[in-house]
Amino acid sequence: MARNSSYNILMYSHDTYGLGHIRRTMAIAGHLSGKNINILILTGSPLAGRFNFPEGVDFVRIPGMIKKSNDEYQSLSIRIDARQALDIRKRIISATAKAFRPNLFIVDKEPLGLRNEVRPTLEWMRGCLPRTRTILGLRDILDDAATVRRDWFGNGIYGVLEDLYSEIWVYGVQELYDPVAEYAIPEPVSQRVHFTGYIPRQTAGRSAIQRARGEHLSSGRNKLVVVTVGGGGDGFPVMDTFLSALEQSNAPPPFQSVLVSGPFMPEEERKNIQARARRLGIRFYRFHRRMECLIAAADLVVSMGGYNTSCEILSQNAAALLIPRESPRREQLIRAEILGRHALVDYLPWSALSPARLRQKIDRLLGCSQRLKEAMARFPLTGLEWMRLRLLELQDLRRQPLPRADSRTSPAKPLLRVLQNR
């Protein structure tokens, strides 16, 4: 295919922790792929090769990094100095962009990338590829407003947004949470903000759901509880408390359980959970390729409150109990409070987590899970379709501009009316 007949999209996902970034990036890439579109993903995720890539989508693996503290990183696998690893990452990112010459560059979450590694590429595009659209993709909530304002001001991010980005796509609903107001995004930048709506995930078919329930439900039990903690790096307390709740019971629970620890749970913690689950007759997975089937098959999902898992729950219309972490960021807690306020999920604050409270919540929610599922079914998940339409416009296949963030015809505008009229 000749270069001038194709439309090249470069995507950057720093992936220092967990699965959320790469799964969000993969969902977007899969939906935007198509005839005459080439998509190349720059990722530090060690799990990138486990995903099935559609035709026209590929990835470049940059050395993985892991966060030791808010300001300190180390190489994930190779034994080299963190500064050397970051320099390699920066060079790969720059060289890939110069060779690929994208029409669209989508940066996930971090405006300058990990430790400013994307800045040279953004500055090069501004000078040498002025027609390339640079997009910052933000999840609905980054952290509490005071923290984000302080960090963005201290690191000069407001100037970066104005000088180096064509648009900002917020993967959320403005009526639920408005980062333009919360994070004090100034007027020149706010005019470039688009709210896409939440990003849906692949939905499970009826036959796949039935197979999953048949595989995981034992005789005499017709309720299935799935416990998942995303990547799992900080999910041990949730699974430990869940197992303790069952271990302290005088009788077997009236439901069957499935645990998915995530690939990043530390080995000692994972072995602890796996051994206890085995003694209780509970199915355990470290990683599950078809999480949408497990979540859709569940009568209740117990999870933390990450963006990725929340979107999977919303996509499958699953009844859910969120246990959001509250540090090092309050993002999960804020999201759980907002979704809980609209009766889309229930949540248990991390500070209130105990075996007795968790079991009480689970038993109550299993009795009213259908109500939560019905509320979810009316929740709009417009993110991927919005991006597809925006891409058509950017390819000059559409002449009418899409609404901006402050438009009264935002694709998710009817949300509050839907929720209020339930």
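In this text the structure is predicted, and so the values were computed from the model without any measurement. (Residues numbered from 1 in each chain as written. Predicted model: local features only at pLDDT ≥ 70, side-chain atom pairs only at ≥ 80, totals over all residues. Heavy atoms only, no water.)

Asker: Even after reading the chapter, I still don't get the packing of helix 9 (residues 236-247) against helix 14 (residues 355-366), so can you show me in this structure?
Answerer: Geometry of a packed helix pair, given as the angle between the helix axes and the separation of the axes. The N-to-C vectors of helix 9 and helix 14 enclose an angle of 80°; their axes lie 8 Å apart at closest approach. Between helix 9 and helix 14, the angle is such that the two are roughly perpendicular. Each of Val238, Thr241, Phe242, Ser244, Ala245 and Leu246 in helix 9 lies in contact with helix 14, whose residues at this interface are Pro355, Leu358, Arg359 and Ile362. Among the residues forming the contact of helix 9 with helix 14, the class breakdown is seven nonpolar, two polar and one charged. (Axes fitted to C-alpha atoms, helices over the stretch in contact; angles between N-to-C directions. Helix = DSSP H or I, 4+ residues; strand = E, 2+ residues; numbered from the N terminus. Parallel < 35°, antiparallel > 145°, perpendicular 65-115°, else oblique. Contact = heavy atoms within 4.5 Å. Nonpolar A, V, L, I, M, F, W, Y, C, P; charged D, E, K, R; others polar.)

Asker: Hey, could you run me through the nonpolar core in this one?
Answerer: The nonpolar side chains of a soluble globular protein tend to be buried with one another. Residues Ile9, Ile39, Ile106, Trp152 and Met387 are the most contacted members of the largest nonpolar core, which totals 104 residues. Here Trp152 is in contact with Leu138, Leu142, Ile157, Tyr158, Leu161, Tyr183 and Ile185, once residues within four sequence places are set aside. Ranked by size, the runner-up nonpolar core spans 30 residues in total, among them Met239, Ile273, Met304 and Leu321. (Core = buried A, V, L, I, M, F, W, Y, C linked by side-chain atoms within 4.5 Å. Buried < 20%, exposed > 50% of the residue type's maximum accessible area, 1.4 Å probe, protein only.)

Asker: Is there a simple way to explain the packing of aromatic side chains in this structure?
Answerer: For any pair of aromatic rings, geometry is given as the distance between the ring centres together with the angle between the planes. Applying the stated criterion across every chain, the model contains seven aromatic pairs. Where Tyr198 meets Phe379, the ring centres are 5.7 Å apart and the plane angle is 50°; that geometry is what we call tilted. Residue Tyr198 is located in the loop between strand 9 (193-195) and helix 8 (206-216), and its partner Phe379 is located in the loop between helix 15 (369-377) and helix 16 (383-394); the two are separated by 181 residues in the primary sequence. Each member of the pair, Tyr198 as well as Phe379, is classed as buried. (Phe/Tyr/Trp six-rings, centres within 6.5 Å; stacked < 30°, edge-to-face > 60°.)

Asker: Where do I start with the pairing of strand 8 (residues 167-171) in this structure?
Answerer: In the case of a regular strand, side chains alternate between the two sheet surfaces. Most of strand 8 sits out of view: five of its five residues are buried. Summarising the sheet, strand 7 (residues 133-139) and strand 8 pair through five bridges and their orientation is parallel. By the bridge assignment, Arg139 is partnered in strand 8 with Tyr171. Bridge analysis of strand 8 against strand 9 gives three bridges, and the strand direction is parallel. (Pairing = 2+ DSSP bridges.)

Asker: Teacher, can you tell me more about the sheet that holds strand 6 (residues 104-108) here?
Answerer: By way of backbone hydrogen bonds, the strands of a sheet pair with one another, either parallel or antiparallel. If you trace the seven strands from one edge of the open sheet to the other, you get 3-2-1-6-7-8-9, paired in parallel fashion. Since the sheet does not close on itself, it has two edges, and those belong to strand 3 (57-61) and strand 9, each with one partner. Pairwise comparison of adjacent strand axes, ignoring direction, gives a mean angle of 20° for this sheet.

Asker: Help me understand the side chain of Thr147 in this model?
Answerer: By the secondary structure assignment, Thr147 is in helix 4 (residues 145-154). Of the residues examined, Thr147 reaches a relative accessible area of 16% and is grouped as buried. Here the side chain of Thr147 touches Asp144 through a polar contact of 2.8 Å, side chain to side chain. (Polar contact = N/O pair within 3.5 Å; in protein donor to acceptor, adjacent residues only side chain to side chain.)

Asker: Looking at this model, I keep getting lost on the layout of surface pockets. Mind explaining?
Answerer: Gaps between atoms show up when a probe of the same size as a water molecule is rolled over them. Within this model, the second largest pocket holds a volume of roughly 610 Å³. Around the second largest pocket, the lining comprises 21 residues; the ones closest to its centre are Met26, Phe51, Gln202, Arg289 and Glu292. Looking at the lining of the second largest pocket, the elements that each hand over two or more residues are helix 1 (20-32), helix 11 (291-297) and helix 12 (307-315). Considering every element that reaches the lining of the second largest pocket, the biggest residue donor is helix 1, with five residues. In terms of residue class, the lining of the second largest pocket is built from eight nonpolar, six polar and seven charged. (1 Å grid on protein atoms, 1.4 Å probe; cavity = no way out; pocket = protein on both sides within 12 Å on 5 of 7 lines; lining within 4 Å. Points joined across faces, edges and corners; volume = space filled by probe spheres on them.)

Asker: Is there a simple way to think about the pattern of salt bridges in this case?
Answerer: Side chains carrying opposite charge are able to pair once their charged atoms draw close together. All told, the structure shown has 23 salt bridges when counted by the stated rule. Measuring nitrogen to oxygen at the nearest pair gives 3.2 Å for the salt bridge that ties Glu331 to Arg139. Residue Glu331 is found in helix 13 (residues 331-341), and its partner Arg139 is found in strand 7; the two are separated by 192 residues along the sequence. Taking the relative accessible area as the measure of exposure, Glu331 reaches 4% and is therefore buried. Linked through salt bridges whose partners overlap, the residues forming this network are Arg133, Glu167, Arg390 and Glu393. (Salt bridge = Lys/Arg side-chain N within 4 Å of Asp/Glu carboxyl O.)

Asker: Would you mind going over the confidence of the model for the protein chain with me for this structure?
Answerer: Residues shown with low pLDDT carry predicted positions that ought not to be read at fine detail. For the protein chain, the mean per-residue pLDDT works out to 87, and 87% of the residues sit at or above 70. In the model, residues 397-422 has pLDDT below 50 throughout and makes 45 contacts with residues more than four positions away in sequence or in other chains. (pLDDT = per-residue confidence, 0-100.)

Asker: What's the story with empty space enclosed by the protein in this structure? I'm lost.
Answerer: All chains considered together, the criterion is met by two cavities of 30 Å³ or more. Space inside the second largest cavity adds up to approximately 40 Å³. Around the second largest cavity, the lining residues are Met11, Tyr12, Thr25, Ile28, Ile106, Val107, Asp108 and Tyr171. Where the lining of the second largest cavity is concerned, the elements lending two or more residues are strand 1 (7-13), helix 1 and strand 6.

Asker: Please clarify how the environment of Leu389 should be interpreted in this entry.
Answerer: Note on placement: Leu389 falls in helix 16. By relative accessible area, which is 24% here, Leu389 ends up partly exposed. Sequence separation between Leu389 and Leu32 is 357 residues; the distance between their C-alpha atoms is 9.5 Å.

Asker: Please clarify how the packing of helix 2 (residues 82-100) against helix 3 (residues 119-128) should be interpreted in this entry.
Answerer: Their axes nearest at 9 Å, the elements helix 2 and helix 3 cross at an angle of 25°. Here helix 2 lies roughly parallel to helix 3, going by the angle between them. As for how helix 2 packs across helix 3, the hand of that crossing is right-handed. When helix 2 is examined against helix 3, the residues Lys90, Ile93, Ser94, Ala97 and Lys98 are found in contact with a partner set consisting of Pro120, Thr121, Trp124 and Met125. Taken together, the residues of the contact of helix 2 with helix 3 break down into five nonpolar, two polar and two charged. (Left-handed = near helix turned anticlockwise from the far one by under 90°.)

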